[in-house]
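# What the coordinates show
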Amino acid sequence: MKKLLSCAAAAVALSGLAAAPAQAARDYVWAAGSSTVFPFATRTAENFAKKSGKKAPKVESLGTGGGIKLFCSGTGEGFPDIANASRPMKKAEFDACAAKGVKDIIAIKIGFDGIVVATDKDGADYNFKTENLYMGLSKTVLKGGQFIPNPNKNWDDVAGGLPGNRIQVYGPPPTSGTRDAFVELAIEAGARKYPTLDAIRSDNEKKFKGLVDPLRNDGWIDAGENDNAIVGTLTKTPGSLGVFGWSYLEENMDKIKGATVNGVKPSAQTISDGSYPLSRTLFIYVKKANIGVTPGLEEFLKEFTSDAATGRGGYLQGRGLIPLPPGQHDAQKGVVNSKTVMGRPAA
């Protein structure tokens, strides 16, 4: 009889556990990821806290890859509610999420950004073509019909008309979405200007990426996820270049200037209309299961997609975010209201 009562008590205890919330009571929103999205998410968190009286969301700058990896590592209070990203989530990342039980993800576009190649305001002007960036920064380059270790030491070795400064570029590490986007939009796009490489890409994209994507370690310097630190380096290292998001250039135009790429200068207008070649979309990814469990999460998403924040003339535009067109902006509000989940990415 005692054994039966003990079993019954255990069953009651287990049923109580099963009825407990899926997530323990963390009383604030947690977002992690892109250094580019970081200042926008931080400002939104501050405004959300002021308006709602709730705790300000915790926002971490880990890079897009690092943020998505942590986001996808599990469910519950020990993992972020939101992954900030300066590129789309990859298929492999989506699958890694699913394997850890993170299966319903809401993808929200918050605006546009451009990747800039910048230098000290008093330095030489750079007018790059994307093929110059490939020939200057890829670890292996196509020369004389052969793939060889990059022999170019100075920018005028790459192309006549470029300054004679040493190739010395400070940029984000491999975990950064800015790095991923720069490689795709600048390095790969430049490599495809060469028919041999374009043919390789058409036949075998993996081989193409293996030849083109690795950046040289004697001219590209990984400078961490702190884009403000890169800005500071440019002012102290004459002739050097830095790669980071448009907002950091806009905030520091008294100290630095951006290079043209394919004849187009980075600006809010050229990034929003797509004429600047290194333009991209910024995202936040959200665990649907956490809405209604993490206090303030849904309200924070509504603040992030509000006209006051990401709309034309919103407070994030003042920090360098380039807003979506009105129709696209309204569509993102609809995604939040309907809690529509994303499909598996194609690549």
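Residues numbered from 1 in each chain as written. Predicted model: local features only at pLDDT ≥ 70, side-chain atom pairs only at ≥ 80, totals over all residues. Heavy atoms only, no water.

Looking at an unreviewed UniProt entry, the protein chain carries the name Substrate-binding domain-containing protein, with the source organism given as Caulobacter segnis.

## A look at the overall build of the protein chain
Condition: Helix and strand definitions follow DSSP, with helices as H or I runs of at least four residues and strands as E runs of at least two, each counted in order from the N terminus. A 1.4 Å probe rolled over the protein chains alone gives each residue an accessible area, and that area as a share of the maximum for its type sets the label: buried under 20%, exposed over 50%, partly exposed in between. Should any heavy atoms of two residues lie within 4.5 Å, those residues are counted as being in contact. Note on areas: these come from Shrake-Rupley sampling with a 1.4 Å probe, and a residue is covered only by the protein chains present in the view. For this count, His and the chain ends are skipped, Lys and Arg are scored as positive, and Asp and Glu as negative. Charge placement uses NZ in Lys and CZ in Arg. For Asp and Glu, CG and CD serve respectively.
Scanning the protein chain from N- to C-terminus turns up 15 helices and 13 strands. Along the three orthogonal principal directions, the C-alpha set of the protein chain runs to about 90 × 45 × 35 Å. Burial status across the protein chain gives 49% buried among its 347 residues. By sequence separation, contacts in the protein chain at least 24 residues apart represent 73% of the contacts at least 6 residues apart. For the protein chain, the exposed surface amounts to about 15500 Å²; the carbon and sulfur share of it is 54%. The centroid of the 43 positive side-chain charges in the protein chain is displaced by 5 Å from the centroid of its 35 negative side-chain charges.

## A few points about the pattern of salt bridges
Pairs can form between side chains of opposite charge whenever their charged atoms are close. Worth spelling out the cut-off: Think of a salt bridge as a Lys or Arg side-chain nitrogen and an Asp or Glu carboxyl oxygen that are within 4 Å of each other.
Scanning all chains against the criterion turns up 18 salt bridges. Measuring nitrogen to oxygen at the nearest pair gives 3.2 Å for the salt bridge that ties Asp-27 to Lys-55. With Asp-27 in the loop between helix 1 (2-19) and strand 1 (30-33) and Lys-55 in the loop between helix 2 (38-52) and strand 2 (58-61), the pair connects residues that are 28 residues apart, well separated along the chain. One network of salt bridges, with partners in common, ties together Arg-87, Lys-90, Glu-93 and Asp-180.

## Things to note about the pairing of strand 7 (residues 146-149)
Convention followed: Think of it this way: DSSP has to see at least two bridges between two strands before they count as a pair.
With four bridges connecting them, strand 6 (residues 140-143) and strand 7 associate as antiparallel partners. Considered in strand 7, the bridge of Thr-140 is made with Pro-149. Connecting strand 6 to the next strand, strand 7, in antiparallel fashion are two residues, including Gly-144 with a positive phi near 60°.

## Observations concerning the state of the cysteines
Quick note on the threshold: In plain terms, two cysteine sulfur atoms within 2.5 Å form what is called a disulfide here.
With the rule as written, the count across this model stands at one disulfide. Disulfide pairing is shown between Cys-72 and Cys-97; the S-S distance is 1.9 Å. Negative torsions about the S-S bond denote left-handed disulfides, and the value of about -75° found for Cys-72 with Cys-97 makes this one left-handed. Here Cys-97 lies in helix 4 (residues 91-99) and Cys-72 lies in the loop between helix 3 (64-71) and strand 3 (82-85), a separation of 25 residues in the sequence. Considered together, Cys-72 and Cys-97 belong to a single accessibility category, that of buried residues.

## Describing the packing of aromatic side chains
What counts is decided by this rule: Any two of the Phe, Tyr and Trp rings considered here, Trp counted by its six-membered ring, make a pair once their centres fall within 6.5 Å; the pair's planes then place it as stacked at under 30 degrees, edge-to-face at over 60, or tilted in between. Placement of a charge over a ring requires the Lys NZ or Arg CZ to be within 6 Å of the ring centre, with the centre-to-atom vector within 35 degrees of the ring normal.
With the rule as written, the count across this model stands at seven aromatic pairs. Aromatic side chains Phe-128 and Trp-155 sit 4.9 Å apart centroid to centroid with 65° between the ring planes, which places their arrangement in the edge-to-face category. Within this pair, whereas Phe-128 is found in strand 5 (residues 127-128), its partner Trp-155 is found in helix 6 (residues 155-158), the two being separated by 27 residues in sequence. For the pair formed by Phe-128 and Trp-155, the shared burial category is buried. A centroid spacing of 5.7 Å and a plane angle of 15° characterise the contact between Phe-283 and Tyr-285, whose relative ring orientation is stacked. There is no split in this pair, since Phe-283 and Tyr-285 are both buried. Lying over the aromatic face of Tyr-28, Arg-26 brings its terminal NZ or CZ to 5.5 Å of the ring centre. Here Lys-58 stacks its cationic end above the ring of Trp-30, 4.5 Å away from the centre of that ring.

## Looking at the pairing of strand 13 (residues 279-287)
Counting buried residues in strand 13 gives eight out of nine residues, a clear majority hidden from the surface. As paired elements, strand 3 and strand 13 share four bridges and run antiparallel to each other. The residue of strand 13 that forms the bridge with Asn-84 is Ile-284. Bridge analysis of strand 4 (residues 105-120) against strand 13 gives nine bridges, and the strand direction is antiparallel. Each residue of the ladder has a partner; that of Gly-111, found in strand 13, is Leu-282.

## Describing the nonpolar core
Formally: We call a set of buried residues a nonpolar core when its members are Ala, Val, Leu, Ile, Met, Phe, Trp, Tyr or Cys and they connect through side-chain atoms within 4.5 Å of each other.
Membership of the largest hydrophobic core comes to 52 residues, with the highest contact counts inside it found for Phe-128, Tyr-134, Leu-137, Trp-155, Phe-182, Ile-187 and Phe-244. The element best represented in this core is helix 7 (residues 177-191), accounting for seven residues. Ignoring anything within four residues of it in the chain, the contact list for Leu-137 reads Asn-150, Trp-155, Ile-167, Val-169, Phe-182, Ile-187, Pro-214, Leu-215, Arg-216 and Trp-220.

## Some thoughts on the packing of helix 5 (residues 130-137) against helix 7
Applied cut-off: Under this scheme, a helix contributes an axis fitted over its contacting stretch, all axes are lines through C-alpha atoms, and angles between N-to-C directions fall in the 0 to 180 degree range. The cut-offs work like this: below 35 degrees is roughly parallel, past 145 is roughly antiparallel, 65 to 115 is roughly perpendicular, and the gaps in between are oblique. Classification convention: Asp, Glu, Lys, Arg as charged; Ala, Val, Leu, Ile, Met, Phe, Trp, Tyr, Cys, Pro as nonpolar; all other residues, Gly among them, as polar.
For the pair helix 5 and helix 7, the least separation of the axes is 6 Å and the interaxial angle reads 95°. When the axis of helix 5 is compared with that of helix 7, the two are roughly perpendicular. Every residue of helix 7 that contacts helix 5 at Thr-130, Glu-131, Leu-133, Tyr-134 and Leu-137 is listed here: Phe-182, Leu-185, Ala-186, Ile-187, Ala-189, Gly-190 and Ala-191. In the contact of helix 5 with helix 7, the residues fall into nine nonpolar, two polar and one charged.

## Concerning helix 15 (residues 326-338)
Filter applied, for reference: Here the expected span of a helix is defined as 1.5 Å times the quantity of residues minus one. The directions considered for the arc are those from the helix axis to the C-beta atoms.
Given a rise of 1.5 Å per residue, 13 residues ought to cover 18 Å, and the 18 Å separating the end C-alpha atoms of helix 15 matches this to within 8%. The complete set of buried residues in helix 15 reads His-329, Gln-332, Val-335 and Val-336. Down the axis of helix 15, the buried set is contained in an arc of 105°. They therefore lie on one face. Of the residues in helix 15, the exposed ones pointing more than 90 degrees away from the buried face are Gly-327 and Asn-337. Tucked into the core, helix 15 has its buried residues touching strand 4, helix 13 (297-304) and helix 14 (307-310). Just beyond helix 15, the residue with positive phi is Lys-339, at close to 55°.

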